Amino acid sequence: YVEQETYDMKTVIFGHIFRESIVLHNRRSVPMKIEVDKPNQIEGQLQINPTLAYIQGNKEQAIQVRFSPKEDFLDKNPQYRDSTRKGVQG
């Protein structure tokens with residue numbers, strides 16, 4: 001399981017780096033394989049490390065996320081635009 005279901009990035013500024021650690025827990029007594037898939041269209045702006053991990057039984061593993069959007073990010077990826085902020089650029 002994941003410690004938090006949602007990770008709020010609050011305000012992300014173009015050209016700046018947002019970092020977050022996502023902690024995954026294995027409740028089982030046997031190792032669990034985790035593989036992270038990231039969207040292809042965010043190549044170069046989103047880094048996830050590690051993308052493949054084995055979490056030992058009853059242990060946890062942190063996944064590091066680094067997001068540094070370029071100025072044209074929302075133009076190229078409009079599906080990530082905040083729909084509650086109509087008319088606001090960004």
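Note that the structure is a prediction, hence the values are computed from the model and not measured.

Draft legend 1. The environment of Y1, seen in detail. Here Y1 shows up in the segment before strand 1 (18-25). Here the alpha-carbon distance between Y1 and P69, two residues 68 residues apart in the chain, equals 28 Å. Ignoring sequence-local partners within four residues, the contact set of Y1 consists of V23, L24, H25 and R27.

Draft legend 2. Seen up close, the packing of aromatic side chains. Counted under the stated rule, the structure contains two aromatic pairs. Site record: aromatic cluster; members linked through ring pairs are F67, F73 and Y80.

Draft legend 3. Just the environment of Y54, in detail. Relative to the assigned elements, Y54 resides in strand 4 (residues 52-55). Residue class for Y54 comes out exposed when judged on its relative accessible area of 51%. Put simply, Y54 and Q41 are 13 residues apart on the chain and 26 Å apart in space, counted from C-alpha to C-alpha. The contacts of Y54, once residues within four sequence positions are left out, are M32 and K33.

Quick notes on the rules
Each chain carries its own residue numbering, running from 1 in the written order of its sequence. Note on the predicted model: pLDDT of at least 70 is required for a residue's local features to be given, and 80 or more for side-chain atom pairs to be given and counted; whole-chain, interface and lining totals, by contrast, use all residues. Side-chain measures here rest on the full set of heavy atoms in the structure, leaving out hydrogens and waters. Under the DSSP-based scheme used, a helix requires at least four consecutive residues in state H or I and a strand at least two consecutive residues in state E, with every element numbered from the N terminus. Whether two residues touch is decided by their heavy atoms; if any such pair falls within 4.5 Å, the residues are in contact. For Phe, Tyr and Trp, where Trp contributes only its six-membered ring, two rings pair if their centres lie within 6.5 Å, and the inter-plane angle classes them as stacked under 30 degrees, edge-to-face over 60, or tilted in between. Burial classification: accessible surface area is computed with a 1.4 Å probe over protein chains only, and a residue below 20% of its type maximum counts as buried, one above 50% as exposed, and the rest as partly exposed.

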